[in-house]
Amino acid sequence: MDTASTGAYDDVRAASRALATEAVHAGRDDLARQGLHAPPIDLSTTYPCYDSRAEAARIDAFAAGGADPAGPPIYGRLGNPTVARFETALARLEGTESAVAFASGMAALSAVLLARASLGLRHVVAVRPLYGCSDHLLTAGLLGTEVTWTDPAGIADALRPDTGLVMVESPANPTLAELDLRAVAHACGSVPLLADNTFATPVLQRPAEQGARLVLHSATKYLGGHGDVLAGVVACDEESAGRLRQIRFATGGVLHPLAGYLLLRGLATLPVRVRAASANAAELARRLAADPRVARVRYPRLGGAMVAFEVHGDPHELISRVRLVTPAVSLGSVDTLIQHPASISHRIVDAEDRRGAGVSDRLLRLSVGLEDVEDLWADLDQALGKPAPAPVPLMEAVR
């Protein structure tokens, strides 16, 4: 791989740098020494090698522990230099030893479940709500796993000898419920905690610092940030990363190099985008909370660019009336998106389980972007419609 690891590059990495600096420079520190400014995109699927004995030895080393093969690349399913730059950068931002990128967030989660199941640890303890497809993957047992759903206080009691993973999401999709990750990690004991950090991003929280062993991102969202890349990534310790690389190689859930390039570019502006969108979201949450047409607003104490709210009227009518805000699935783009979770992102979850997790039929999920907040509010205001007339008090009979 051409991500250099000698000389001045090591000196820079060893220094403590602010997150904003890491976002711009991590994964790129060797470029100037190569006479480059922008990271190169390596689209090769295979690479020439005239020393087949050495190549065999490197493949054997990968098979033994999943370590990145030393020396030049071998094959695109084993690894790609452009993707490796993104992995290096994301690991630096999350404060982990390694990161492993995949073709989507669900491919990343599937690899984690397969890695644990391969060790005979098929039981998962999970806390709702999770992203709807994550919930479905666990509940349906599509990968041979068995799940026990519990609240945070019940995690320790739910653990079994064959428990391979505890999975949580904080802030959660779509209710924005928050968990004390440090307390959850303590309750897990020796069982690895997987924390989905998609909504918060490393700008707002770094779960590994609070005890999570694996940090999952749907990189499609804020890490890419522009609605033009589909990807997932797991930030973790090197031992876990090795197993995940082996799963990725065997199952083929690799990230395309162009997507790796776009993600690396997206990370450079991640802190600026998250903070600007969060400021917009906080203001919209404040205005929604004061509006009589809105029944309830949920906004994380942690902050962030996501707002969930329930309306007194028909949520589908609101979605049909937005003009600036885009009615679409996904989140984390530079433009503002709105969707109805019970109809789309969490439709696949059993209705009773969905409502029990706080995903009501009136809940709307707003992913706030970088537009001017006044323009966003003007659109939401007109989409909310006219307030219902206040009931006329009954006149008491005169005696």
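Look up a bit, the structure's there.
Everything in this summary refers to the structure shown in the same document. (Residues numbered from 1 in each chain as written. Predicted model: local features only at pLDDT ≥ 70, side-chain atom pairs only at ≥ 80, totals over all residues. Heavy atoms only, no water.)

### Focus: the packing of helix 5 (residues 105-117) against helix 10 (residues 238-251)
Put simply, the rule is: Here an axis means a line fitted to C-alpha atoms, over the contact stretch when the element is a helix, while the angle between two N-to-C directions is reported on a 0 to 180 degree scale. Only DSSP runs of H or I reaching four residues or more are called helices, and only runs of E reaching two or more are called strands; each is numbered from the N terminus. Throughout this description, any angle smaller than 35 degrees is read as roughly parallel, any larger than 145 degrees as roughly antiparallel, any in the 65 to 115 degree range as roughly perpendicular, and the remainder as oblique. In this description, contact between two residues means that some pair of their heavy atoms is separated by no more than 4.5 Å.
At a minimum axis separation of 9 Å, helix 5 and helix 10 run at an interaxial angle of 110 degrees. It follows from the interaxial angle that helix 5 and helix 10 lie roughly perpendicular. In this structure, helix 5 contributes Ala111, Val112, Leu114 and Ala115 to the contact, and helix 10 contributes Arg243, Leu244, Ile247 and Thr251.

### What to know about the sheet that holds strand 4 (residues 163-169)
Operational definition: In this description, strands pair whenever DSSP reports at least two bridges between them.
Read across the open sheet, the seven strands follow the order 1-7-6-5-4-2-3; overall the sheet is mixed. Either end of the sheet is taken by a strand with one partner, and the two such strands are strand 1 (98-102) and strand 3 (146-149). Recorded for the sheet is a direction-independent mean angle of 20 degrees between the axes of neighbouring strands. Of the strand pairs in this sheet, strand 4 and strand 5 (residues 193-196) are connected by four bridges, and their pairing is parallel. Each bridged residue has a counterpart across the sheet, and for Glu169 the counterpart in strand 5 is Asp196. Across the sheet, helix 8 (residues 181-188) lies against strand 4 and strand 5, angled at about 155 degrees from strand 5, the strand it touches most.

### Remarks on the sheet that holds strand 11 (residues 337-339)
Strand order across the open sheet formed by five strands is 8-9-12-11-10, with mixed pairing between neighbours. This sheet does not close on itself; its edge strands, each paired only once, are strand 8 (294-298) and strand 10 (326-327). In this structure, strand 9 (residues 306-311) lies alongside strand 12 (residues 363-367), joined through five bridges in antiparallel fashion. Within strand 12, the residue paired with Met306 across the bridge is Ser367. Along the sheet face, helix 12 (residues 270-289) touches strand 8, strand 9 and strand 12 and points at about 15 degrees away from the line of strand 9.

### Regarding the side chain of Glu87
For clarity, the threshold we go by: Each residue is assigned to one of three classes by its accessible area relative to the maximum for its type, calculated with a 1.4 Å probe on protein chains only: buried under 20%, partly exposed between the two thresholds, exposed over 50%.
By the secondary structure assignment, Glu87 is in helix 4 (residues 81-94). Classification of Glu87 by relative accessible area gives buried; the value is 9%. Residues contacting Glu87, with those up to four places away along its chain left out, are Ala99, Val100, Ala101 and Arg248.

### Considering the nonpolar core
For clarity, the threshold we go by: The definition of a nonpolar core used throughout is a set of buried Ala, Val, Leu, Ile, Met, Phe, Trp, Tyr and Cys residues joined through side-chain atoms within 4.5 Å.
Residues Phe86 and Leu223 are the most contacted members of the largest nonpolar core, which totals 37 residues. Elements with a contribution of two residues or more to this core: helix 2 (19-25), helix 4, strand 1, strand 7 (232-236), helix 11 (257-268), helix 12 and strand 9. No other element matches helix 4, which puts six residues into this core.

### Quick notes on the pattern of salt bridges
This is how the line gets drawn: The salt bridge criterion pairs a side-chain nitrogen of Lys or Arg with a carboxyl oxygen of Asp or Glu, the two atoms within 4 Å.
Overall, the coordinates contain 22 salt bridges when judged by the stated rule. Arg17 is the salt-bridge partner of Glu22, the closest N and O atoms lying 2.9 Å from each other. Like Glu22, the residue Arg17 is buried in the burial classification. Between Asp68 and Arg245 there is a salt bridge, with the nearest N and O atoms lying 3.5 Å from each other. Note that Asp68 is positioned in the loop between helix 3 (52-65) and helix 4 and Arg245 in helix 10, a separation of 177 residues in sequence. Beyond isolated ion pairs, a larger network of salt bridges with shared partners links Arg17, Glu22, Asp29 and Arg92.

### Topic: helix 4
The following threshold applies: A helix's residues, less one, multiplied by 1.5 Å, set its expected span. For the purposes of these results, a polar contact is taken to be a pair of N or O atoms within 3.5 Å, where, inside protein, one atom must be able to donate a hydrogen and its partner to accept one; residues adjacent in sequence count only when each atom of the pair is a side-chain atom.
Its 14 residues place the ends of helix 4 20 Å apart at the C-alpha level, agreeing with the 20 Å of an ideal helix rising 1.5 Å per residue. Along helix 4, 13 of the 14 residues are buried, which leaves the element largely enclosed by surrounding structure. With a side-chain oxygen positioned 2.8 Å from the backbone nitrogen of Thr82, the residue opening helix 4 is Asn80. Gly95 lies just past helix 4 and shows a positive phi near 75 degrees.

### Side note on the packing of helix 3 against helix 10
Here is the rule: Classification convention: Asp, Glu, Lys, Arg as charged; Ala, Val, Leu, Ile, Met, Phe, Trp, Tyr, Cys, Pro as nonpolar; all other residues, Gly among them, as polar.
The interhelical angle for the contact between helix 3 and helix 10, taken along N-to-C directions, is 115 degrees, at an axis separation of 8 Å. Classed by the angle they form, the pair helix 3 and helix 10 counts as roughly perpendicular. From helix 3, Phe62, Ala63, Ala64 and Gly65 reach across to helix 10, where they touch Gly242, Arg243, Arg245, Gln246 and Phe249. Its residues placed into classes, the contact of helix 3 with helix 10 shows four nonpolar, three polar and two charged.

### A few points about the pairing of strand 9
In terms of residue burial, strand 9 counts as a mostly covered element, since six of its six residues are buried. What you see with strand 9 is no split at all: Met306, Ala308 and Glu310 on one side and Val307, Phe309 and Val311 on the other are buried throughout. By the bridge criterion, four bridges tie strand 8 to strand 9 in an arrangement that is antiparallel. Its bridge partner lying in strand 9, Val297 is registered against Phe309.

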